[in-house]
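Fold and geometry: a report
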Amino acid sequence: MEWEVVIGLEIHAQLATRSKIFSAASTAYGAEPNTQACAVDLGLPGVLPVLNGRVVRMAAKFGLATHSSVARRSVFARKNYFYPDLPKGYQISQFELPIVHDGYLDIDMPDGETRRIGITRAHLEEDAGKSLHEDFQGETGIDLNRAGTPLLEIVSEPDMRSAAEAVAYMKKIHALVRYLEICDGNMQEGSFRCDANVSVRPKGQEAFGTRAEIKNINSFRFVERAINYEVERQIEVIEGGGEVVQETRLYDADRDETRSMRSKEEANDYRYFPDPDLLPVELDQAFIDEVEKELPELPDAKRERFMQDFGLSRSDATALTGSRELADYFEQTVAAAGGEGKLCANWVMGEVAGVLNKEGREISASPVSPELLGGMLQRINDGTISGKIAKQVFEAMWNGEGSADDIIEKKGLRQITDSGAIEKIIREVLDASPKQIEQYRAGQEKLLGFFVGQVMKATQGKANPGEVNKLLKKMLAD
Amino acid sequence: MSLDSEAVSKIAHLARLGVEQSEYETYARNLSDILTFIEQLNSVDTRGVEPMAHPLDASQRLRPDEVTETNQRDRFQRIAPRTAAGLYLVPKVID
Amino acid sequence: MFQKSIPELARGLREGEFSSEELTRGFLDRIGRFDEKLNCVITLTDSAALEAARVADARLKNGDATLLTGIPFLHKDIFCTDGVRTSCGSRMLDNFAAPYDATVTVRLQDAGAVMLGKTNMDEFAMGSSNETSFYGPVKNPWDLQCVPGGSSGGSAAAVAARLAPLATGTDTGGSIRQPAALCGVTGIKPTYGRVSRYGMIAFASSLDQAGPFAASAQDAACMLEVMAGFDPRDSTSIDQPVDAYAGMLDADLSGLTIGLPKEYFGAGLDAGVGAAVQAAIEAYKKLGAQVKEISLPNTSLAVPAYYVVAPAECSSNLSRMDGVRFGYRCEEPKDLEDLYVRSRGEGFGDEVKRRILVGTYALSAGYYDAYYLKAQQVRRLIRDDFVQAFREVDIIMGPTTPGPAFRLGERCDDPVTMYLSDIYTIAVNLAGLPGMSIPAGMVDGLPVGLQLIGDYFAEGRLLNAAHRYQQVTDWHTRLPPGFE
């Protein structure tokens, strides 16, 4: 039987605020345990939450960027359950009236197709603390620094049909929240993580199969693997005559498998009700207009502009707009190079991306700034150096040896364009290769490459390749 | 509405509330009385009435995103039943 | 000295007739003499009080004193007090020395008022008789066999016996007004949002509101002015200036329209209480007020709606009492579940457990719409009744309670009958309106309370009406026998 996979994602993006969603404690990562848990975060008797205005603005930004409705009125609700990392015995979240709802995002698949993924809702909530299971004589330690950190939970429609689509969607949301500067996207620190709802059904069947929810996946690679594992598991269960159970599962990256979280199995009855300590959040058109004005250019619009302005292909433009930092780097390079978008794109996606990738660095940590790179590309453009020499110059810039001009000067890499000088060298090469001349003249024209190579070798690559070609042909014909 | 001991036990579990076996029946009777009393509400037609969560028709005030709280861990943990290395301790949590 | 009004005490302090230290010692002495009988005070902070009194005396000398500087008060044990046990009347918080001050605590402290100690109360403010306290019941100073009312029973009884000239209270369904009535003192519950709830341990967040107890409306006005005001730490606090209540007391009552809800005078009202209230209304007529019969048709639904909303909110509010970060923790929990179940099972008393169970049930899957949503709809109907009424009248009056103080133990086994003690007060909390109770007569040696209900933020008007009545009557000046 042919199976169809149905996936929906719940992405938790930690909002990049200074203070927590309902308290004035810091959200900075990595502090000593419980040093950033104030009375409100600890849920001491008598404390009350007050909403951080920035989270509302951030959620609205996300809503506007995903063609969603930004609710004029949204309500915080309590989700009640007992867990030691949840100090109040309830999580403040949004239930019936989320701040953002009914939007979508278009994703580009590698096969060139575009898929539209529905966004059901995005709601604000507070994060819980952390349970540390290292041994305290068989007890668990609770660190509540993370309790109260603002989260935007972005819930998609079950619109994805493969793990690859899920990854593409997650990457796009990841890029988007960073474009919007509402989340730092740091997956190691848990700032961006997701739960995946996965089910399978026979191809052509309309009704959804029973789904399993895979919790807390914190890398793109793991999303793909976890979903693929889960899909296979479910198909195996069904084909073996069994039934998929609706349950919460945990992805174990070390074993590359998902397993049932039995402890969360008991029927959860969260007893949601509007939080009486908080009033409805009401937003007017003026506020929404203001937020709209603050929106940066978004990836899709930027891609179109890159294609238009720089003559880039769709795939190049998509790659370059994959993150705001990369797009900015590219644009600054173009500015510094004085144009030549295509050349800049090739360098940014080729040489620059290659070394960064090899060294495991982010674009923001590139030792070659867009200004340096652009300066070098200008020297290619004006014929000072060839593309080949440029790689040498780039490497030197990467190692911190200065600007392209400094390096060219210091290392004497300036291209030889003077035809008299080139002619002289060609003459020497030809004089040393009578046999090859004979063969060339007898019709072995591919030997031209041999002569070019010899000339370049003699000039340490500095001769202008175009000029060399032209002169060689002429002199060999004489 | 009448609740039996089993229902009380279920609710008590949801609320993580220890209730002695011997008290179940009293609670069941008390709760049933209360629920019966509450059911007077059904005598009124509330179709189309918007639920009122709050006495005042106000909207949420927004706080500036500023950090004004400082580390008071020692002060807060002085009143905690069990801590170690700055952490609150609980019996082992099994995921 | 203990019978002087707040303005008189303030004048005495300023004129050097007595110091705050002397005044404080005087009231500490009364607590020492009488509280054994009454059980009003859970925690006495005598040395801190004397220290605060000396600071107040210095302030009085420096001339930067407020009206309350140097004036002693008792603080309901529901307000967090930094470093001082804040038990909320529960075993659960018996060992809880709050690590911070409630906003109300800070405001009173800043004004220079001197806290003598923390008062007894029904556990987590859940009760109408003060019998649910972990620290034992409070006795009514008018009859030690009777309850003082609840939940702020300790504060009400303390002011009635003049163990302090002022005390704080909180009112979720009548917890200021009902004990004020049963103890023969003046108490006011302001408009929801008028006094900050920050640091006031929550019972039912959408109903809770703090207010003062005092002998007279004038004294209550002085204290409320200090307690009230916007607090950025409470999202439900209203950012609106506080009226100068004490300056509004003398306004003329002619032209005032008083509404008498016919539902408050029907079956179930004690005849003696009814007669006392009628007499008070007659006094108001003499003061120039007009009286009009009105109807609050959904009155009978207030108590049932309340007993859905309040338990639902409390079931969630009390979830933080889990034995992990503060408060009671059971011995040797064998696992996490056991830690929760036993800490909460052993830490909470019966009435609190009952309400947590009811609230948990009302919010649980399948029942939410039938109970919680329905109660919230009825809540709107009840509010709308008042809104309608205040189009026609300025103040609503009636009895605070159906009868005078009842006997200790009498209603303990019957929660529903106990709940009906608050039948006239609860609707006011559901609507969020200000309400107060003032002494207006005696029945068989027990005080009767007259309830005054105002429109939103009309505390000044209520205090004014109460004060004018107290100018022509002396119920509020009477001392229970044996407490001279």
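Structure's up top.
The structure reproduced in this document is the subject of the present report. Predicted model, so just to flag it, every value in this text is computed and none were measured. Starting from 1, residues in each chain are numbered consecutively following that chain's sequence as written. Written order decides the labels, with chains lettered from A and ligands numbered from 1. Owing to the predicted nature of the model, reporting of local features is limited to residues with pLDDT of at least 70; listing and counting of side-chain atom pairs is limited to 80 or more, with chain, interface and lining totals taken over all residues. No hydrogens and no water enter the side-chain calculation; it runs on all heavy atoms of the structure.

Focus: the packing of helix H2 (residues 24-38) of chain B against helix H11 (residues 350-363) of chain C
The condition is simple: For every element, the axis is a line fit to its C-alpha atoms; helices are fit only across the contacting stretch, and the angle between N-to-C directions ranges from 0 to 180 degrees. Runs of H or I in DSSP of at least four residues are treated as helices and runs of E of at least two as strands, each being numbered from the N terminus. Any angle from 65 to 115 degrees is called roughly perpendicular, while one under 35 is roughly parallel, one over 145 is roughly antiparallel, and all others are oblique. Crossing handedness follows the turn of the near helix against the far one: under a right angle anticlockwise gives a left-handed crossing, and clockwise gives a right-handed one. Every residue pair with non-hydrogen atoms within 4.5 Å of one another is taken to be in contact.
At a minimum axis separation of 11 Å, H2(B) and H11(C) run at an interaxial angle of 55°. Considering their axes alone, H2(B) and H11(C) lie oblique with respect to each other. Read as a crossing pair, H2(B) and H11(C) show a hand that is right-handed. Two secondary-structure elements touch here, H2(B) through Tyr27(B), Asn30(B), Leu31(B), Ile34(B), Leu35(B) and Ile38(B) and H11(C) through Asp350(C), Lys353(C), Arg354(C), Leu357(C), Val358(C) and Tyr361(C).

Regarding unusual backbone geometry
Quick reminder of the rule: The classification of residues rests on relative accessible area computed with a 1.4 Å probe and restricted to protein chains. Under 20% of the type maximum is buried, over 50% is exposed, and intermediate values are partly exposed.
Here Gly150(C) and Ser151(C) are connected by a cis peptide whose omega angle stands at 5°. Position of Ser151(C) among the secondary structure elements: in the loop between strand S3 (114-119) and helix H5 (153-160). Positive phi is not limited to glycine here, since Asn34(A) has a value of about 65°. Structurally, Asn34(A) can be placed in the loop between strand S1 (3-14) and helix H1 (39-42). Note on Asn34(A): relative accessible area 3%, which makes it buried.

Thoughts on the sheet that holds strand S8 (residues 114-126) of chain A
All names here are of chain A. Quick note on the threshold: Two strands are counted as paired when DSSP detects at least two bridges linking them.
In space, the 9 strands of this open sheet follow the order S3-S7-S8-S11-S1-S12-S13-S14-S15, with mixed pairing throughout. The open sheet has two edge strands with one neighbour each: strand S3 (69-70) and strand S15 (257-260). Summarising the sheet, S8 and strand S11 (residues 150-156) pair through 7 bridges and their orientation is antiparallel. Looking at the pairing, Ala 122 lines up with Ile 154 of S11.

A word on the nonpolar core
Soluble globular proteins: nonpolar side chains tend toward being buried together. What counts is decided by this rule: What is meant by a nonpolar core is a set of buried Ala, Val, Leu, Ile, Met, Phe, Trp, Tyr and Cys residues, joined one to another through side-chain atoms within 4.5 Å.
If you look at the biggest cluster of nonpolar residues, it comprises 209 residues, and the most contacted ones within it are Leu68(C), Phe124(C), Tyr284(C), Phe386(C), Leu450(C), Leu452(C) and Leu463(C). Examining the composition of this core, we find that 10 residues originate from one element, helix H9 (residues 302-317) of chain C, more than from any other. Setting aside chain neighbours within four positions, we find Leu452(C) in contact with Tyr284(C), Ile395(C), Ile396(C), Met397(C), Pro434(C), Gly435(C), Met436(C), Ile438(C), Leu462(C), Ala465(C) and Ala466(C). One finds Phe62(A), Val100(A), Ile119(A) and Leu295(A) within the second-largest nonpolar core, a separate group that totals 70 residues.

Regarding the side chain of Arg271(A)
Test applied: The charge count treats Lys and Arg as positive and Asp and Glu as negative. His and the chain ends do not count. Any Lys or Arg side-chain nitrogen located within 4 Å of an Asp or Glu carboxyl oxygen qualifies as a salt bridge.
By the secondary structure assignment, Arg271(A) is in the loop between S15 and strand S16 (273-274). Of the buried charged residues, Arg271(A) lacks a salt bridge, with Asp269(A) as the closest side chain of opposite charge at 4.7 Å. What Arg271(A) contacts, discounting residues up to four positions off in sequence, is Arg78(A), Asn80(A), Leu14(B), Thr360(C), Leu363(C) and Ser364(C).

Focus on the sheet that holds S16(A)
Strand pairing within a sheet occurs via backbone hydrogen bonds; the two strands may be parallel or antiparallel. Residue and element names in this part refer to chain A. Strand order in the open sheet formed by 3 strands is S6-S5-S16, and the pairing between neighbours is antiparallel. Each of the sheet's edge strands pairs with one partner strand only, and the pair in question is strand S6 (90-94) and S16. Bridge count for strand S5 (residues 76-80) against S16 is 2 bridges, and the pairing is antiparallel. In the strand pairing of S16, Ala 77 is matched with Pro 274.

Quick notes on the packing of aromatic side chains
Residues and elements named next belong to chain C. What counts, and what does not: Geometry of aromatic contacts follows a simple scheme: Phe, Tyr and Trp rings, the Trp one being its six-membered ring, pair when their centres are within 6.5 Å, and the pair is stacked under 30 degrees between planes, edge-to-face over 60, tilted otherwise.
Considering all chains together, one arrives at 27 aromatic pairs over all chains under this definition. With centroids separated by 5.6 Å and ring planes inclined at 55°, the aromatic side chains of Phe 96 and Phe 326 adopt a geometry described as tilted. Here Phe 96 is found in the loop between strand S2 (72-76) and helix H4 (103-111), whereas its partner Phe 326 is found in the loop between H9 and helix H10 (336-347), with 230 residues between them in sequence. Aromatic pair Tyr 367 and Tyr 371: ring centres 6.3 Å apart, planes at 45°, arrangement tilted. Here Tyr 367 falls in the partly exposed class, since its relative accessible area comes to 30%. Relative accessible area serves as the criterion here: at 4%, Tyr 371 is assigned to the buried category.

Thoughts on the interface of chain B and chain A
Accessible area lost upon the coming together of the parts is a frequently used measure of interface size. Note the cut-off: Accessible area, probed at 1.4 Å, shrinks when two parts are joined; the buried area is that loss added up over both. In the scheme used here, Gly and all other residues not listed as nonpolar or charged are polar, with Ala, Val, Leu, Ile, Met, Phe, Trp, Tyr, Cys and Pro taken as nonpolar and Asp, Glu, Lys and Arg as charged.
At the interface, 35 residues of chain B touch 49 residues of chain A. Where chain B abuts chain A, roughly 3800 Å² becomes buried across the two surfaces, and 57% of that area is made up of carbon and sulfur atoms. For chain B, the biggest contributors to the area lost against chain A are Gln60(B), Arg63(B) and Asp65(B); these three give 21% of the whole. For the pair chain B and chain A, the number of links is 2 salt bridges. The partner of Asp65(B) in a salt bridge is Arg54(A), with the nearest N and O atoms 2.8 Å apart. Within the residue set of the side of chain B that touches chain A, elements represented by two or more residues are helix H1 (5-14), strand S1 (62-63), helix H3 (73-77) and strand S3 (87-91) of chain B. Sort the elements by how many residues they give to the side of chain B that touches chain A and S3(B) lands first, with 5 residues. Class assignment for the residues of the side of chain B that touches chain A results in 17 nonpolar, 8 polar and 10 charged. Here 4 bridges tie strand S10 (residues 139-143) of chain A to S3(B), and the two strands are oriented antiparallel to one another. Within the sheet, the bridge partner assigned to Gly141(A) lies in S3(B) and is Leu89(B).

By themselves, these observations are geometric and do not establish any function.
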